[in-house]
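Listed here are the chains, written in short residue letters.
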Amino acid sequence: MPAAPFDYEAPATLAEALDLLGERGPEARPLAGGQSLVPLLTLRLARPRLVVDLDRLHELRAVRRTPDALEIGALVRHRALERGEGPLALCPLLQEAAALIGNTRVRTLGTLGGSVAHADPAAELPAVLRALDGAVVLRSTRGERVVGAGDFFVGMLTTALAPDELLTAVRLPLPSPGAGFAVEEFSRRAGDFAVVAAVAVVELDGGAVARARVALAGVGPVPARLDRLEAALLGERSGPDAIRRAVADRPLGIEPDGDIHASAEYRRHLAAVLTTRALERAAEAARGAVV
Amino acid sequence: MAESPTATQERLRVVGRRLPRHDARDKVLARTLYAADWQMPGMLEGAVLRSSYPAARITRIDTSRAAAYPGVAAVLTARDVPHNILWTDVPGQTSIVGPLRARVQVLADDRVRYQGEAIALVAAETREIAARALELIDVAYEVRPGVFTTEEALRPEAPRVHEESNLLATWRVRCGDADEALARAHVVVEQTYRCGLIDHAYLEPEAGVAWIDADGVVVVRASTQVIEHFRDVADVLGLPHNKVRVIGPYVGGGFGGKEDVTVEVFLGLLAYRTGRPVRMVWSRQESLLARPKRHPFTLRYRTGAARDGTLVAHRIELTADAGAYAYLSALVLLYATVTAAGPYRVPHVAVDARAVYTNNPPTSAMRGFGAMQMVLGYESQIDQIARRLGLDPVEVRRRNALGRGDRLPVGQELDTHVAVAEAAERAWAALGPPRPPSSPRHRVGRGLACNLQPYGRLVWLRDWASAWVGLEADGSVAVRTGVPDVGGGQASSLCQIAAEALGVEPDRVTVHIADSALTPLAGTTTATRQLYMSGNAVLVAATHLRDEVRRVAAQILETPVEQVTLADGAAVAASHRSVPLGDVVKECARLGVPRSHLGVYHAPAGDPVDLERGGGRVFPDYTFGAHAVEVEVDVDTGAASVRRLVACHDVGRAINPQSVEGQVQGGAVMGLGYGLMEEIVVDRGVNLTTSFASYLIPSALDVPDVEPILIESGDGKGPFAARGIGEPPIGPPAAAIANAIEDAVGVRITDLPITPEKIARALGLLSGG
Ligand SMILES: Cc1cc2nc3c(=O)[nH]c(=O)nc-3n(C[C@H](O)[C@H](O)[C@H](O)COP(=O)(O)OP(=O)(O)OC[C@H]3O[C@@H](n4cnc5c(N)ncnc54)[C@H](O)[C@@H]3O)c2cc1C
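Residues numbered from 1 in each chain as written. Chains lettered and ligands numbered in written order. Predicted model: local features only at pLDDT ≥ 70, side-chain atom pairs only at ≥ 80, totals over all residues. Heavy atoms only, no water.

## Observations concerning the domain arrangement of chain B
Residues and elements named next belong to chain B.
- Taken domain by domain, chain B holds domain 1 (22-32 + 464-602), domain 2 (35-144 + 207-281) and domain 3 (297-357 + 366-403 + 418-458 + 608-762).
- Spacing between the C-alpha centres of domain 1 and domain 2 amounts to 37 Å.
- Contacts between the two partners involve 22 residues from domain 1 and, on the opposite side, 19 residues from domain 2.
- Across the domain 1/domain 2 interface, buried area totals approximately 1500 Å², and carbon plus sulfur atoms make up 57% of it.
- Here domain 1 is connected to domain 2 by 1 salt bridge.
- In this structure, arginine 245 and aspartate 515 form a salt bridge, with 2.7 Å as the shortest nitrogen-oxygen distance.
- Linking domain 1 to domain 2 there are 7 residue pairs in polar contact (both at pLDDT 80 or more).
- Looking at side-chain class alone, the side of domain 1 that touches domain 2 contains 9 nonpolar, 9 polar and 4 charged residues. (Domains from an automatic or database assignment. Contact = heavy atoms within 4.5 Å. Buried area = accessible area lost by both parts, 1.4 Å probe. Salt bridge = Lys/Arg side-chain N within 4 Å of Asp/Glu carboxyl O. Polar contact = N/O pair within 3.5 Å; in protein donor to acceptor, adjacent residues only side chain to side chain. Nonpolar A, V, L, I, M, F, W, Y, C, P; charged D, E, K, R; others polar.)

Structural data, given as structure tokens:
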């Protein structure tokens, strides 16, 4: 079925786009890469009166480096992240995560801002944002605000974005140079969303874990941080045995729902397997990086 | 008994060549006008209102608001349909429920029996208006209790789906004394298997356009495997059969899903009512929701074998979920019953099979048609017997393999070559030396599965096909035959056959297909019958024509007719003197010798047999094959992936090896999806998988390169001794994968699809978790 009829605007500047949303926000939907919105339109799960195409807003394609963070424009595509173009190469974790998104066609069109704003519970980039304690920049005619990832993701496909706001950029604090990272995921079919994905970042001090961060996708309505596990790993040895024990010894504190692709029980199992694998690989990378 | 005609020319010039198909280029360039691409001036768009509930009484339908909506040309409900029933006759149903006249209501009258059942039709100026009109139709339902599993449906107090019993059909086979033989067997393996509800999932959803032509004939141009549904359209409209014409464009995938009526009758009704051309294109969700699917089966097997692995007995109980309407369920069940013991010699066999109505989506024809579901049963059983006895899996199959002259448990004697053992050996050997697992957390295993699949329809349906072949004055050739081409290269292969017989290059042959008014009828493109049946009909016609032409050429060349051959577009004498074919055709015209011929091929025919009392011939013949797979299992997640798949079938003779390999590869990939991923999930009659995001079919990255091996035994009942290959390759993969998984990690999965979660559970990874 084709989409229900809608008006279409393609503003040339961010200011114009924000004006449009200021006037018609509640009945409007921004369009970025269209890889999530277009299916919603053709399935008629979304029926906006107005679609605001962001494609001409070149100002949202910039990538800026600050001393300890990257500020990445919302319209930067998955493909650019995957290739580590320009300053994006400073965060190879993004490369690894973006390469796991869908297929080449999806990555060529899909955008970082679209993925974060869409907030699919199984998406990789929101989990990366969560793992690195990132934040998003939101703009409207009312002004600008910066919201941390922990507050931005509110529920399944639901965020702190107001109807008149655009997500203009994502801020990612860069992990310390010696940090190791890994993304491990499981999907039923090549090119699909993950059933569960695990993002791990490990920093070592000597042979011991100085800081470990783990975020999971696919185990609840929003990306989950495994705080208790992270705390338990502090000061532990970084070898596979210690990691396996740490994961096995305590509940991960997640409460996934089951669906047609995986029961809740299987998702919990996958979460443990993928967390272990991601931590092992991140720790190994950190050991390699330190030397 | 009818014999297949054979070509007398000893050396084949065109048959057996790897030729690009004549339809390929246009398809790649997006020039093919598929059913939905057809446009006509003044064309309306049709749409279907479908039931929201799987079991309900319709207490009221109010169409007034929809009818009054601007741009709406017609709104039809059951009351507007002249004859609201579609019939399928099932001859020879020897079951306790009696002969079957399977019926489907065109539009729901006062009951809906599955979610998605058609209730009303709309024709409007645009798709958008049609969609809006559907929303404006007001239907009041009184929800009724339904039955959603075969167990539920068979309980005595269960709500009935129709007035008659929920037991829709049964078949029984008794051959020898299975119980007694099982009691004496050295080893007995008992197991229950379940195979799931799946969809055809073709690229092209159901679509078509209908109009009334200048002679008042209702013309339906629709994506279909069966142009002879023109009779159904006529019966529903109350018109003479010769006032309806169905044209079949190239089809973007059928697999049995376009064997039953889809859009044809709806389009006929709307065009007839409005007098205007009407198009109808089902959305993907509609296609996944509403069209009949593959029968899920429960298969209970008790199998006995001697110490050396010789099979002695099977006791088999089969239960199929037919969903809410019979469609072809009784026949699907018959295919299952006939093939349930597999391609093996088993002296004592008892089969009890039943198909049951439920309020689930209806099930009907799909590639493999009941026979393919059985492979999981008989191939898992024989593998477990080999394992128990410590025998080599290939050796056990070789020892039990059927041969020419053996009889199936239903009493049919196999009168052509049977290549089971050879296929098993070749497929297995082609796997080559084992390769190491890709990580320490992976295990590798191998599995084998053989199968048999009938080609051609039941002999008691007295199947036939006709084809017209004509020579033009320039020596070019026209073939006319009512064959729907569903993408398997049906039309292209007919070119090759006519070209072979008449000694011309295939590009000198044009085939006109699939028009019920203008092409001689050739039957359905189903049941692995089209190359076999219409190929034989074309060969009959072309061979007849060749002989006429040779007679006339002999006069021109002043040489005995036996010494004239047709080659390279000319008639050639033994002396190598030749005359162009066009000149011979002109001479035929001058002499009044016919330059065309209508060929008819009759398949072997017979009366319905009593399967319980020795039976006899049920199908014309069978295609045999074997697949070998190498599978890798992740021991932490349970995910299984197929690393290698070798698919070997005896095709008798490959008319176009490239097309045959395409059939084998496509079938194997579909079989792999059936084994590992595909599942229509239905929760109390409600379909949860109506998009390709939830209904998973394998992508190119999920399958290995399928390696086809074609055995050309030179024995088969099709043209040039070909055997049918459309359905057979879908059969073995699921069972071969199940066998390989046991080889890899020691667990036996008995339910399809074999999801990672099921393997993880069998490995004990989830217990207590
Ligand atoms: C086959 C397939 C497989 C996929 N697999 C994956 C996968 O494995 N992992 C994964 O993460 N994703 C996957 N996706 C989704 C893909 O990553 C999308 O690109 C992403 O979810 C949305 O980005 P987009 O740029 O396409 O946004 P759009 O589809 O254009 O928009 C998505 C939503 O975000 C809103 N929006 C977009 N940009 C902004 C903005 N700047 N400010 C405010 N709101 C905005 C839109 O209004 C809409 O509601 C898949 C998609 C497909 C089709």
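## Some points on the site of the ligand
All names here are of chain A.
- In the vicinity of the ligand there are 30 residues, among which Pro30, Ser36, Leu37, Thr111 and Glu124 approach most closely.
- Between serine 36 and the ligand, the recorded distance is 2.7 Å, taken from a side-chain N or O atom to an oxygen atom.
- Between leucine 37 and the ligand, the recorded distance is 2.7 Å, taken from a backbone N or O atom to an oxygen atom.
- When the free accessible area of the ligand is taken as 960 Å², the share hidden by the protein chains comes to 91%.
- It is helix H6 (residues 112-118) that contributes the most residues to the shell around the ligand, 4 residues altogether. (Near = heavy atom within 4 Å. Areas by Shrake-Rupley, 256 points an atom, 1.4 Å probe, with all protein chains shown as cover. Helix = DSSP H or I, 4+ residues; strand = E, 2+ residues; numbered from the N terminus.)

## A look at the packing of aromatic side chains
- The full count for this structure, using the stated rule, is 11 aromatic pairs over all chains.
- Ring geometry for phenylalanine 152 of chain A versus phenylalanine 153 of chain A: centroids 5.2 Å apart, planes at 80°, classification edge-to-face.
- For phenylalanine 152 of chain A, a relative accessible area of 0% translates into the label buried.
- Given a relative accessible area of 7%, phenylalanine 153 of chain A falls into the buried group.
- Relative to tryptophan 211 of chain B, the ring of tryptophan 38 of chain B lies with its centre 6.4 Å away and its plane at 20°, an arrangement referred to as stacked. Of the two residues, tryptophan 38 of chain B is situated in the loop between helix H1 (24-28) and strand S1 (44-50) and tryptophan 211 of chain B in strand S11 (residues 207-212); the sequence distance between them amounts to 173 residues.
- With a relative accessible area of 27%, tryptophan 38 of chain B lands in the partly exposed category.
- For tryptophan 211 of chain B, a relative accessible area of 14% corresponds to the buried category.
- Clustering of aromatic rings is evident, with ring pairs tying together Tyr335, Phe369, Phe619 and Tyr622 of chain B. (Phe/Tyr/Trp six-rings, centres within 6.5 Å; stacked < 30°, edge-to-face > 60°. Buried < 20%, exposed > 50% of the residue type's maximum accessible area, 1.4 Å probe, protein only.)

## Thoughts on the packing of helix H14 (residues 530-557) of chain B against helix H15 (residues 581-591) of chain B
All names here are of chain B.
- Taken N-terminus to C-terminus, the directions of H14 and H15 make an angle of 95°; their axes are 9 Å apart at the nearest point. By the angle between their axes, H14 is roughly perpendicular relative to H15. Residues Val549, Val552, Ala553, Gln555 and Ile556 of H14 form the contact with H15, whose own contacting residues are Leu581, Val584, Glu587, Cys588 and Leu591.
- Here the contact of H14 with H15 is built from residues that sort into 8 nonpolar, 1 polar and 1 charged. (Axes fitted to C-alpha atoms, helices over the stretch in contact; angles between N-to-C directions. Parallel < 35°, antiparallel > 145°, perpendicular 65-115°, else oblique.)

## Topic: the confidence of the model for chain B
Residue and element names in this part refer to chain B.
- Scored by pLDDT, chain B comes out at a mean of 95, with 97% of its residues at no less than 70.
- Counted against residues more than four places away or in other chains, residues 1-9, with its pLDDT under 50, gives 21 contacts.
- pLDDT under 50 marks residues 92-97. Its contacts with residues more than four places away, or in other chains, come to 19 contacts.
- For this predicted complex, the interface score ipTM comes out at 0.96, alongside a pTM of 0.96. (pLDDT = per-residue confidence, 0-100.)

## Quick look at the interface of chain B and chain A
- Counting from both sides, the interface comprises 35 residues of chain B and, opposite them, 24 residues of chain A.
- Summed over both partners, the interface of chain B with chain A comes to about 2300 Å²; 54% of that surface belongs to carbon and sulfur atoms.
- In terms of surface lost to chain A, no three residues of chain B exceed Glu128, Leu696 and Glu757 of chain B, which account for 22% of the buried area on that side.
- Counting across the chain B and chain A interface gives 5 salt bridges.
- Residues aspartate 636 of chain B and arginine 277 of chain A are paired through a salt bridge, measuring 2.9 Å at the closest nitrogen-oxygen approach.
- On the surface where chain B and chain A come into contact, there are 12 residue pairs in polar contact (both at pLDDT 80 or more).
- Among the secondary structure elements, those contributing two or more residues to the side of chain B that touches chain A are helix H3 (127-136) and helix H18 (756-762) of chain B.
- The residue makeup of the side of chain B that touches chain A, split by class, is 17 nonpolar, 9 polar and 9 charged.

## Some details on the packing of helix H13 (residues 490-502) of chain B against H14 of chain B
All names here are of chain B.
- At a minimum axis distance of 9 Å, the contact between H13 and H14 shows a crossing angle of 25°. Put simply, H13 runs roughly parallel to H14. In the crossing of H13 with H14, the sense of the turn from one axis to the other is right-handed. Note on element contacts: H14 touches H13 through Gln530, Leu531, Ser534, Gly535, Val538, Leu539, Ala542, Thr543, Leu545 and Arg546, opposite Gln490, Ser493, Leu494, Ile497, Ala498, Ala501 and Leu502. (Left-handed = near helix turned anticlockwise from the far one by under 90°.)

## Notes on the side chain of arginine 748 of chain B
All names here are of chain B.
- Mapped onto the secondary structure, arginine 748 falls in the loop between helix H17 (733-745) and H18.
- For arginine 748, a relative accessible area of 15% puts it in the buried group.
- Among the polar contacts made by the side chain of arginine 748, one reaches the side chain of serine 380 at a distance of 3.3 Å.
- The contacts of arginine 748, once residues within four sequence positions are left out, are Gln191, Ser380, Asp383, Gln384, Ala738, Asn739 and Glu742.

## Some remarks on the sheet that holds strand S8 (residues 138-143) of chain B
- Pairing within the open sheet is antiparallel, and its 3 strands lie in the order S6-S2-S8 (chain B). Because the sheet does not close on itself, it has two edges, and the strands there are strand S6 (111-112) and S8 of chain B. (Pairing = 2+ DSSP bridges.)

## Comments concerning the pattern of salt bridges
All names here are of chain B.
- In total, this model carries 89 salt bridges over all chains according to the counting rule given.
- The closest approach of N and O atoms between arginine 397 and aspartate 383, which form a salt bridge, is 3.0 Å. Here arginine 397, found in helix H11 (residues 393-400), pairs with aspartate 383, found in helix H10 (residues 371-389); they are 14 residues apart in sequence, far enough to count as distant. As far as burial versus exposure is concerned, arginine 397 and aspartate 383 are alike and both buried.
- Here glutamate 422 makes a salt bridge to arginine 426, at a shortest N to O gap of 3.8 Å. Taken together, the residues glutamate 422 and arginine 426, both in helix H12 (residues 420-430) and 4 residues apart, mark about one turn of the helix.

## Quick word on the pairing of strand S7 (residues 143-148) of chain A
All names here are of chain A.
- Pairing analysis gives 6 bridges linking strand S6 (residues 135-140) to S7, with the strands arranged antiparallel. In the sheet register, arginine 139 faces S7, and the bridge partner there is glutamate 144.
- Counting the residues in the hairpin turn of S6 and S7 gives 2 residues.

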